[in-house]
Amino acid sequence: MNPGKLNRRVILQRQTTARDEVGQAKAVWTDVATVWAAVLPLRGREYFESAKVNSEITVRIIIRYRPDVKPSWRAVSDGNGYDIIEVINPADSRTQLQLMCKRVA
């Protein structure tokens, strides 16, 4: 892995439960770590659903290896949120992780 290509700051978040002002539980995103990453766009498309135009952008985010990253987490880069769909450890090398992500609308 070329560390010079990890040129973007990405915040990894996981969903937790918090109580609002009336005591009801609600889901909130909590920051876990801020890491250096490479964000590579893979595909973008637009489609019509229920008479409105939607866009779907998929990206690959490459970070240094962390044993705790889960597909239920999300990543935030440059103000854009990405749901992590899959966490890939190429060749079980434990040097990097590839996060296959879909942009949150």
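The following paragraphs examine the structure supplied in this document. Being a predicted model, the structure only gives us computed values, none of them experimental. (Residues numbered from 1 in each chain as written. Predicted model: local features only at pLDDT ≥ 70, side-chain atom pairs only at ≥ 80, totals over all residues. Heavy atoms only, no water.)

Right, let's get into the nonpolar core. Counting residues in each nonpolar core, the largest one holds 17 residues, and the members touching the most others are Val10, Leu12, Ile61, Ile63, Val69, Leu99 and Cys101. The greatest single-element share of this core, amounting to 4 residues, is contributed by strand S2 (residues 25–49). Residue contacts for Leu99: discarding those within four places in its chain leaves Leu12, Val59, Arg60, Ile61, Ile63, Val69, Ile84, Glu86 and Val87. (Core = buried A, V, L, I, M, F, W, Y, C linked by side-chain atoms within 4.5 Å. Buried < 20%, exposed > 50% of the residue type's maximum accessible area, 1.4 Å probe, protein only. Helix = DSSP H or I, 4+ residues; strand = E, 2+ residues; numbered from the N terminus. Contact = heavy atoms within 4.5 Å.)

All chains considered together, the criterion is met by 0 aromatic pairs. Above the ring of Trp36, the side-chain terminus of Arg9 is found at 4.4 Å from the ring centroid. (Phe/Tyr/Trp six-rings, centres within 6.5 Å; stacked < 30°, edge-to-face > 60°. Lys NZ or Arg CZ within 6 Å of the ring centre and 35° of its normal.)

The final tally for this structure, using the stated rule, is 2 salt bridges. Residue Arg8 pairs with Asp78 through a salt bridge whose shortest N-O separation is 2.6 Å. One end of the pair, Arg8, is in strand S1 (residues 8–19); the other, Asp78, is in the loop between strand S4 (74–77) and strand S5 (80–88), and 70 residues separate them in sequence. By relative accessible area, which is 57% here, Asp78 ends up exposed. A salt bridge links Arg66 to Asp68, with the nearest nitrogen and oxygen atoms 2.8 Å apart. Relative accessible area serves as the criterion here: at 27%, Asp68 is assigned to the partly exposed category. (Salt bridge = Lys/Arg side-chain N within 4 Å of Asp/Glu carboxyl O.)

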